[in-house]
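Spelled out, the chains give:
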There are 4 protein chains.
Amino acid sequence: MTVTTYKECIDACIRCMNVCNVSYVSSLKGLDIFELRECLRLDRECADLCGVAIQAMTRNSPFVAEICELVAKACDACAEECMKHPHEHCQECVRVCRECASICRGILVAA
Amino acid sequence: MTVTTYKECIDACIRCMNVCNVSYVSSLKGLDIFELRECLRLDRECADLCGVAIQAMTRNSPFVAEICELVAKACDACAEECMKHPHEHCQECVRVCRECASICRGILVAA
Amino acid sequence: MTVTTYKECIDACIRCMNVCNVSYVSSLKGLDIFELRECLRLDRECADLCGVAIQAMTRNSPFVAEICELVAKACDACAEECMKHPHEHCQECVRVCRECASICRGILVAA
Amino acid sequence: MTVTTYKECIDACIRCMNVCNVSYVSSLKGLDIFELRECLRLDRECADLCGVAIQAMTRNSPFVAEICELVAKACDACAEECMKHPHEHCQECVRVCRECASICRGILVAA
């Protein structure tokens, strides 16, 4: 592994889990929760998979590449949905999910 | 441990995780999601903690008692909230959460 | 989905998590832990990923196929390692991991 | 909450999960794994519970206090065991687990 290290990817997954969970909580509290129901669903998916990836990278799992590929897919799906909503927490989610997806894909190239 | 074994408690936590997640998915899809937002929140809490408990019991964790106590609290909170809603998936959640809470507390007595 | 349902796969993952964690605990207690260190490592990987899959299936995650593919890989790796050891808990692990891998791959075909 | 914020506690749990998993991997690889088997067991417990706490704090779970209390107990147990071993990774584990336990207990006082 050269450019992208686990350290950078662990940090990206932590930021992403945090932003997805914050967006989840904000969506739950909003009057427009009906419009945000797909965000809720994908925020949870993405946050949970980021958590799995963090554990896997810190214990040097033999499945880090596959798990990071899965996180990148979940980040893409979450970003695509959040893109549809103007809320600040959704837009922040788009930005951080895309960054996380990109860094996770860096792991795959480097692996 | 005499009356309540881990086996029974593991099964109860599996049923509870399953019912909470099914209720979560049903709540997400409903037109009345706004009324069910607190169910959504507690369904996720309860399902996640049941998952933690199942892992802990199958590996004979030294923290089984504390984790089962926590699951019982989450089950109580989830059942109390779901009680307020007539939906079949909410009422099923009440029934299974209460059963799970009771069995988890059996672990505590037996420990 | 026709032949293999989530119900069957959830049950297979629960059995697999249980057997991997039981083998983990047995390996930890043995005098020959040095010989079993790779079993320990893969038992944990496999049990944790089974837990992720169970949660994902019960909440009808959009990533069930990818997660089940990953569980199948972890089961293969765990079974291959446990094959090398005559212990009853290792042989039971081989049997249940292979069954779980097969059922997880059924999900992929059916998806 | 005044002095100890979730932010500080989330960071402490991330450091602790990381150090416990690094110590786990190092213990698995050592020739003296037999002497470190109880470290292995508690490293996994502690890392997994830290992961639960991070998820819980980032989604503002109603069970943060109970989960942080549990993490503090796991940290204490892990630190006590690692104290017995001169390995650098064990000593680092002692230091970070104690810090994490202390910060988790700060959450309890502030809650």
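About the cut-offs
Residues numbered from 1 in each chain as written. Chains lettered and ligands numbered in written order. Predicted model: local features only at pLDDT ≥ 70, side-chain atom pairs only at ≥ 80, totals over all residues. Heavy atoms only, no water. Helix = DSSP H or I, 4+ residues; strand = E, 2+ residues; numbered from the N terminus. Rg over C-alpha atoms; globule rule 2.2 N^0.38 Å. Buried < 20%, exposed > 50% of the residue type's maximum accessible area, 1.4 Å probe, protein only. Contact = heavy atoms within 4.5 Å. Areas by Shrake-Rupley, 256 points an atom, 1.4 Å probe, with all protein chains shown as cover. Lys, Arg positive; Asp, Glu negative; His and termini not counted. Charge placed at Lys NZ, Arg CZ, Asp CG, Glu CD. Least-squares fit on C-alpha atoms with pLDDT ≥ 70 in both. Polar contact = N/O pair within 3.5 Å; in protein donor to acceptor, adjacent residues only side chain to side chain. Axes fitted to C-alpha atoms, helices over the stretch in contact; angles between N-to-C directions. Parallel < 35°, antiparallel > 145°, perpendicular 65-115°, else oblique. Left-handed = near helix turned anticlockwise from the far one by under 90°. Buried area = accessible area lost by both parts, 1.4 Å probe. Salt bridge = Lys/Arg side-chain N within 4 Å of Asp/Glu carboxyl O. Nonpolar A, V, L, I, M, F, W, Y, C, P; charged D, E, K, R; others polar. Disulfide = S-S within 2.5 Å.

Observations concerning the overall build of chain A
Within chain A one finds 4 helices and 0 strands. Helices and strands in chain A line up, N terminus first, as α-α-α-α. The C-alpha atoms of chain A give a radius of gyration of 14 Å, which matches the 13 Å a tight globule of 111 residues would have. Its C-alpha atoms put chain A at 45 × 20 × 15 Å along the principal axes. Here chain A holds 111 residues, and 59% of them are scored as buried. The contacts of chain A with a sequence gap of at least 6 include a subset with a gap of at least 24, amounting to 73%. When the accessible area of chain A is evaluated, it comes to approximately 4,400 Å², of which 56% is carbon and sulfur surface. Averaged over its 12 positive side-chain charges, chain A has a centre that lies 2 Å from the centre of its 16 negative ones.

Regarding the relation of the copies chain C and chain A
Once turned by 180 degrees and shifted 0.0 Å along the axis, chain C lies on chain A with an RMSD of 0.0 Å. Between the two chains, the operation in question is that of a two-fold axis. Of the residues that chain C buries at the interface, 100% are likewise interface residues in chain A, meaning the two copies contact each other through the same surface.

Let's talk about the side chain of Glu81 of chain C
Residue and element names in this part refer to chain C. Of note, Glu81 is situated in helix α3 (residues 64-82). Taking relative accessible area as the criterion, Glu81 reaches 10% and is therefore assigned buried. Only 3.2 Å separates the side chain of Glu81 from the side chain of His85, close enough to count as a polar contact. Aside from chain neighbours lying at most four places away, what touches Glu81 is Glu38, Cys39 and Leu42.

Regarding the relation of the copies chain C and chain D
The two copies are related by a screw motion: chain C maps onto chain D through a turn of 180 degrees and a shift of 0.0 Å along the axis, at an RMSD of 0.0 Å. A share of 100% of interface residues in chain C that are also interface residues in chain D marks the association as one of identical surfaces.

Examining the packing of helix α2 (residues 37-58) of chain A against helix α2 (residues 37-58) of chain D
At a minimum axis distance of 11 Å, the contact between α2 of chain A and α2 of chain D shows a crossing angle of 150 degrees. As far as their axial angle goes, α2 of chain D and α2 of chain A are roughly antiparallel. As for how α2 of chain A packs across α2 of chain D, the hand of that crossing is right-handed. Note on element contacts: α2 of chain D touches α2 of chain A through Ala47, Asp48, Gly51 and Gln55 of chain D, opposite Ala47, Asp48, Gly51 and Gln55 of chain A.

Some points on unusual backbone geometry
Here Asn60 of chain A, not a glycine, exhibits a phi torsion of approximately 55 degrees, which is positive. Residue placement: Asn60 of chain A occurs in the loop between α2 and α3 (64-82).

A short note on the interface of chain C and chain A
Contacts between the two partners involve 19 residues from chain C, matched on the other side by 19 residues from chain A. Summed over both sides, the interface between chain C and chain A buries roughly 1,600 Å², with carbon and sulfur atoms accounting for 60% of that surface. In terms of surface lost to chain A, no three residues of chain C exceed Glu45, Arg59 and Phe63 of chain C, which account for 37% of the buried area on that side. Where chain C meets chain A, there are 6 salt bridges. Here Arg59 of chain A ties to Asp48 of chain C by a salt bridge, and the two come within 3.1 Å at their closest N and O atoms. In this structure, the connection of chain C to chain A is made through 8 residue pairs in polar contact (both at pLDDT 80 or more). Contributing elements (two or more residues each) for the side of chain C that touches chain A: α2 (37-58) and α3 of chain C. The biggest single contributor to the side of chain C that touches chain A is α2 of chain C, with 8 residues. Across the side of chain C that touches chain A, the residue classes tally to 9 nonpolar, 3 polar and 7 charged.

Looking at the interface of chain C and chain D
With 13 residues of chain C at the interface, the matching set in chain D holds 13 residues. Approximately 1,200 Å² of surface area, both sides summed, lies buried where chain C meets chain D, with 60% of it carried by carbon and sulfur atoms. Remark: the boundary between chain C and chain D carries 2 salt bridges. Asp48 of chain D is the partner of Arg44 of chain C in a salt bridge, and the nearest nitrogen-oxygen pair spans 3.4 Å. Our count for the chain C to chain D interface comes out at 5 residue pairs in polar contact (both at pLDDT 80 or more). When contributions to the side of chain C that touches chain D are tallied by element, the ones reaching two or more residues are α1 (6-29) and α2 of chain C. A total of 6 residues in the side of chain C that touches chain D trace back to one element, the largest contributor, which is α2 of chain C. Looking at side-chain class alone, the side of chain C that touches chain D contains 7 nonpolar, 2 polar and 4 charged residues.

Focus on the pattern of salt bridges
Counted by the stated rule, this structure contains 40 salt bridges over all chains. Members of the salt-bridge network, linked through shared partners, are Arg44 of chain A, Glu45 and Asp48 of chain B together with Arg59 of chain D.

Examining the state of the cysteines
Residue and element names in this part refer to chain B. For the coordinates displayed, the defined rule picks out 0 disulfides over all chains. The thiol of Cys9 is unpaired, and the distance to the nearest cysteine sulfur, on Cys104, comes to 3.8 Å. Owing to a relative accessible area of 0%, Cys9 belongs among the buried residues under this scheme. No disulfide involves Cys93; its nearest neighbouring cysteine sulfur is the one of Cys20, lying 3.9 Å away.

Examining the side chain of Asn21 of chain B
Along the polypeptide, Asn21 of chain B turns up in helix α1 (residues 6-29). For Asn21 of chain B, a relative accessible area of 0% corresponds to the buried category. A distance of 3.0 Å separates a polar atom in the side chain of Asn21 of chain B from a polar atom in the side chain of Gln55 of chain C. Beyond its immediate sequence surroundings of up to four residues, Asn21 of chain B is in contact with Arg44 of chain A, Ala47 of chain B together with Gln55, Thr58 and Arg59 of chain C.

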